[in-house]
Amino acid sequence: MSLSAQAREAVRDRIVDRRYALGSRLVEREIAEELQMSRVPVREALRALVAEGLLELLPHSGVRVRRLERGDVQHLYEVWEPLAVQASRLAARRVAEHAPGEAAGLARLRSTLEHADTASRSDDGAREVAAHTAFHEGIVALAGNPLLERMMEQLSWQLQLLFGMRAEPDHMRAQHHLIFRHIAAGDEETAAASTLLHVRDSRAVALRSLFEDES
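Residues numbered from 1 in each chain as written. Predicted model: local features only at pLDDT ≥ 70, side-chain atom pairs only at ≥ 80, totals over all residues. Heavy atoms only, no water.

### Topic: the overall build of the chain
Scanning the chain from terminus to terminus reveals nine helices and three strands. For the chain, the N- to C-terminal ordering of α and β elements is α-β-α-α-β-β-α-α-α-α-α-α. Referenced to the eigenvectors of the C-alpha coordinate spread, the extents of the chain come out at roughly 55 × 45 × 35 Å. When each of the 215 residues of the chain is scored for burial, the buried share is 46%. Across the chain, every contact between residues at least 6 apart in sequence was considered, and the portion connecting residues at least 24 apart equals 71%. (Helix = DSSP H or I, 4+ residues; strand = E, 2+ residues; numbered from the N terminus. Buried < 20%, exposed > 50% of the residue type's maximum accessible area, 1.4 Å probe, protein only. Contact = heavy atoms within 4.5 Å.)

Now the structure itself:
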């Protein structure tokens, strides 16, 4: 892994787990000192994270951690919804095509749910968020569509940041298991329908959790 990639991963992790607070200004020199590397790879990392949507440029100089507004959340879900629904549909199709054998990736999907359940029982919110993100990424991988996978990569870290900012209700945990069962059964349309319900519930929870004090 290049130094710039290492720096990007380190800064990204600090944003997602909120060691770098939303809206906070990031100083290239200070990050370089913290990561014990030169400023060049840090500068490249910050530029990449602006492109990913986790950072935003300040009017005159520097960057800050992007603060999600209501419109940002709505736009994110408007894009994620059709992609997530299609990913579940395609994943179920691949499973059906491989029957009676098990499609590659299905075991990984099952494992992410187990990790999420373990994290939930341990009250480990950060690990549960990572597992739930991995679950949705696993569906995309199982779908076997490289273009869909590239499109979802652009949303992945923004989604993980968003997931970490709101509580995960029990009924949404149950929805993950339901989506998995439909995919594992090779039932395209039911998998798609259950994913649509889940994404819309997720959107409602996110908006309520983040902006409930707004009029």
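Having seen it, we continue.
### Description of the nonpolar core
Among the nonpolar cores identified, the biggest contains 57 residues, and Val11, Ile15, Leu26, Trp80 and Ile183 are the most heavily contacted of them. Among the elements that line this core, the one with the most residues is helix α4 (residues 70–98), at eleven residues. Those residues in contact with isoleucine 15 that lie beyond four places of it in its chain are Tyr20, Leu49, Leu54, Leu55, Val65 and Leu161. (Core = buried A, V, L, I, M, F, W, Y, C linked by side-chain atoms within 4.5 Å.)

### Some remarks on the environment of alanine 5
Here alanine 5 lies in helix α1 (residues 3–16). The class of alanine 5 is buried, set by a relative accessible area of 17%.

### Examining empty space enclosed by the protein
The tally for this structure, following the rule as stated, stands at two cavities of 30 Å³ or more. By volume, the largest cavity is sized at about 40 Å³. Residue lining of the largest cavity: Trp80, Ala84, Ser88, His136, Ile139, Val140, Met152 and Thr195, and that is the complete set. Of all elements in the fold, only α4 and α6 (125–143) reach the threshold of two or more residues within the lining of the largest cavity. Across the lining of the largest cavity, the residue classes break down as five nonpolar, three polar and no charged. Of the pockets and cavities examined, the second largest cavity occupies roughly 40 Å³. Leu113, Ala116, Asp117, Ser120, Glu128, His132, Arg173, His176 and His177 are the residues that line the second largest cavity. (1 Å grid on protein atoms, 1.4 Å probe; cavity = no way out; pocket = protein on both sides within 12 Å on 5 of 7 lines; lining within 4 Å. Points joined across faces, edges and corners; volume = space filled by probe spheres on them. Nonpolar A, V, L, I, M, F, W, Y, C, P; charged D, E, K, R; others polar.)

### As for the pattern of salt bridges
Between side chains of opposite charge, pairing is possible as soon as their charged atoms come close. Taken as a whole, this structure holds 15 salt bridges when the rule is applied. Arginine 43 serves as the salt-bridge partner of glutamate 28, at 2.9 Å between the closest nitrogen and oxygen. Placement of the pair is glutamate 28 in helix α2 (residues 28–35) and arginine 43 in helix α3 (residues 39–52), with a sequence separation of 15 residues. For arginine 43, a relative accessible area of 31% corresponds to the partly exposed category. With its nearest N and O atoms 2.8 Å apart, the salt bridge here joins glutamate 56 to arginine 64. Owing to a relative accessible area of 26%, glutamate 56 belongs among the partly exposed residues under this scheme. Overall, arginine 64 belongs to the partly exposed group, its relative accessible area being 34%. Residues participating in the shared-partner salt-bridge network are Glu28, Arg39 and Arg43. (Salt bridge = Lys/Arg side-chain N within 4 Å of Asp/Glu carboxyl O.)

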